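# Breakdown of the fold
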Amino acid sequence: MNQNRESRIFVIGFLGFLAAASVWSAVIPKQSFSASENRYLQQKPEFTIEGLLDGSFGRTYETYLSDQFPARNAWIGMKVYAERLQGKKDVNGVYFGEDDYLIEKFDTEDIEGELADKNRERLETFVARARDALGEDHVRVMLVPTASQILTEKLPLLAAPYDQAQVSETLMADLGGEVVIPIEEVLRAHREEAIFYRTDHHWTALGAYYGYRAWTASMGLTPWEPKDFEIHTVSEDFLGTIYSKVNIAHPPDSIQLYVPKVPTHYEIYYDASSISAPMYRYQALETKDQYAVYLDGNHGLTEIDNAGMTEGSDRKLLIIKDSFAHSFAPFAANHFSETYLIDLRYFNQNPAQFMQEKGITDLLILYQIPGFAREKTVSKIL
């Protein structure tokens, strides 16, 4: 009798919880953007017979319920704590590494596949055309591996993420070693330094600086030395995108900016605005997405005019990129009179036509490897 009574109480309590959650979910305002995850949330899908029959409606509706679930971040944190107590080495696609590193886990299906193959083919075609137009010495590709590829000694025992070196090796074989910058070996040489954030998927300003040095060496440019910059720590409470996948108490990161010691005069324009902005947007340090301090976050088109440029003033650089370029571009811009950054997710003009219109002399394609493999808008380069 007592067992049956306890079972009834449990069932009634569970059903009451579901009912309360349903009512709560129905009355609270739906969010369109998650600042903690730095992504847009799924909105309620429109019902169609076609979507019902092919299963897309059900899948989208499930994502909608997950994204809009009340107190979602708190539930994520509770789930992570529970799975950590079970001894799991990764939770929600995140490894809990040594020295407080949260490292994204990438498996074969995250990087290989039909889309990744098509993106590589599109890249090879676009690079071949760009080399014909600009010359072989003026076109470079830098696909940056993630922390799971570089900081292997910080991974949990028996962790086996996808070997991203395969992507670079394939591109080098197809495009030539002089075009594809061997950034993995450069980052490995500095893996004891803070080249990746512990809570975010990006490389740090220091990691971007080493990428910049590898790029300048490949381009025959003379890099600026660390002594040429004042290095300012502008935040010590940064919790990035990987932290948002676990939502548990964790030591924050710091953010540094490299500011040239010599007088410089940059004019930054976003999305063809006629009003110039500063290189670093310090207001972003008061928001969740503090990484947006670099070039104001994601824009379809960013233009950096180096008004004080004298040496190499006839050269103009185009970077086709994801957000890994945001902390890289302030270094690169010192070598060109004009530097343009295109994010294909928000930019709808044909890149080759844009290059011709702007008189681009140099091209860099800069992405994180998994981001490039999964980016649907790479098709816009052709």
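Below you will find a few notes about this structure. (Residues numbered from 1 in each chain as written. Predicted model: local features only at pLDDT ≥ 70, side-chain atom pairs only at ≥ 80, totals over all residues. Heavy atoms only, no water.)

With that settled, consider the overall build of the protein. A count of helices and strands for the protein gives 13 helices and 13 strands. For the protein, the proportion of its 382 residues judged to be buried stands at 49%. Taking as baseline every contact in the protein between residues at least 6 positions apart, the subset at least 24 positions apart corresponds to 71%. Total accessible area on the protein is roughly 19000 Å²; 52% of this is exposed by carbon and sulfur atoms. (Helix = DSSP H or I, 4+ residues; strand = E, 2+ residues; numbered from the N terminus. Buried < 20%, exposed > 50% of the residue type's maximum accessible area, 1.4 Å probe, protein only. Contact = heavy atoms within 4.5 Å. Areas by Shrake-Rupley, 256 points an atom, 1.4 Å probe, with all protein chains shown as cover.)

Let us now look at the packing of aromatic side chains. Evaluated as defined, the whole model comprises 20 aromatic pairs. On the numbers, 5.5 Å between centres and 90° between planes, the contact of Phe229 with Phe331 is edge-to-face. One end of the pair, Phe229, is in strand 7 (residues 229-238); the other, Phe331, is in helix 11 (residues 329-332), and 102 residues separate them in sequence. Here the two residues Phe229 and Phe331 agree in accessibility, since each one is buried. Look at Phe347 and Phe354: their rings are 5.5 Å apart centre to centre, the planes differ by 85°, and that puts the pair in the edge-to-face class. Phe354 gets classed as buried once you look at its relative accessible area, which sits at 2%. Members of the aromatic cluster, each reached through a chain of ring pairs, are Tyr209, Tyr210, Tyr212, Trp224, Phe229, Tyr258 and Phe331. (Phe/Tyr/Trp six-rings, centres within 6.5 Å; stacked < 30°, edge-to-face > 60°.)

What follows covers a nonpolar patch on the surface. A surface patch of nonpolar side chains, amounting to about 450 Å² of accessible area, comprises Phe47, Ile49, Leu52 and Leu53. Along the chain, Leu53 turns up in helix 2 (residues 49-54). According to the relative accessible area criterion, Leu53 is exposed, its value standing at 70%. (Patch = residues over 30% accessible without salt bridge, like charges linked within 9 Å, V, L, I, M, F, W, Y side chains within 5 Å. Salt bridge = Lys/Arg side-chain N within 4 Å of Asp/Glu carboxyl O.)

Our next topic: the nonpolar core. Most often, soluble globular proteins have nonpolar side chains that are buried together. Membership of the largest hydrophobic core comes to 59 residues, with the highest contact counts inside it found for Met142, Trp203, Trp215, Tyr294, Ile304, Ile319 and Phe328. Per-element accounting of this core gives the leading share, 9 residues, to helix 10 (residues 205-219). What Met142 contacts, discounting residues up to four positions off in sequence, is Ile181, Ile183, Trp203, Gly211, Trp215, Phe328, Leu364, Ile365, Leu366 and Tyr367. (Core = buried A, V, L, I, M, F, W, Y, C linked by side-chain atoms within 4.5 Å.)

So, on to the pairing of strand 13 (residues 362-368). Judged by how many residues are buried, strand 13 sits mostly within the fold: 7 of 7 residues are covered. Side-chain alternation along strand 13 places Asp362, Leu364, Leu366 and Gln368 on one buried face and Leu363, Ile365 and Tyr367 on a second face that is also buried. Both strand 6 (residues 139-144) and strand 13 contribute to a ladder of 6 bridges, which runs parallel. Each bridged residue has a counterpart across the sheet, and for Arg140 the counterpart in strand 13 is Leu364. Strand direction decides the pairing type here: strand 11 (residues 316-321) and strand 13, joined by 5 bridges, are parallel. Residue pairing in the sheet places Leu317 in a bridge with Asp362 of strand 13. (Pairing = 2+ DSSP bridges.)

With mixed pairing, 6 strands are arranged side by side in an open sheet as 6-13-11-12-10-9. Unpaired on one side and paired on the other, strand 6 and strand 9 (266-270) mark the two borders of the sheet. With strand direction ignored, the average angle separating the axes of adjacent strands in the sheet is 15°. Those strands touched by helix 6 (residues 114-134) are strand 6, strand 11 and strand 13, and its axis lies near 160° from that of strand 13. (Axes fitted to C-alpha atoms, helices over the stretch in contact; angles between N-to-C directions.)

Next up on the list: unusual backbone geometry. In this structure, Asn92 takes a positive phi of about 55° despite not being glycine. By secondary structure assignment, the location of Asn92 is in the loop between strand 3 (90-91) and strand 4 (94-96). Classification of Asn92 as partly exposed rests on a relative accessible area of 31%. With a phi close to 65°, Asp100 is a non-glycine residue in the positive phi region. With respect to the helices and strands, Asp100 occurs in the loop between strand 4 and strand 5 (102-104). The class for Asp100 is partly exposed, based on a relative accessible area of 38%.

Turning next to helix 8 (residues 165-175). Where helix 8 is concerned, the buried positions are Ala165, Val167, Ser168, Leu171 and Leu175. Within helix 8, the buried residues cover an arc of 160° as seen down the axis, which keeps them to one side. In helix 8, the exposed positions angled more than 90 degrees off the buried face are occupied by Glu169 and Ala173. Contacts made by the buried residues of helix 8 are with helix 5 (108-111), helix 6, strand 6, helix 7 (147-150), helix 9 (183-189) and helix 13 (369-374). A positive backbone phi angle near 105° is found at Gly176, which sits one or two residues after helix 8. (Arc of directions from axis to C-beta.)

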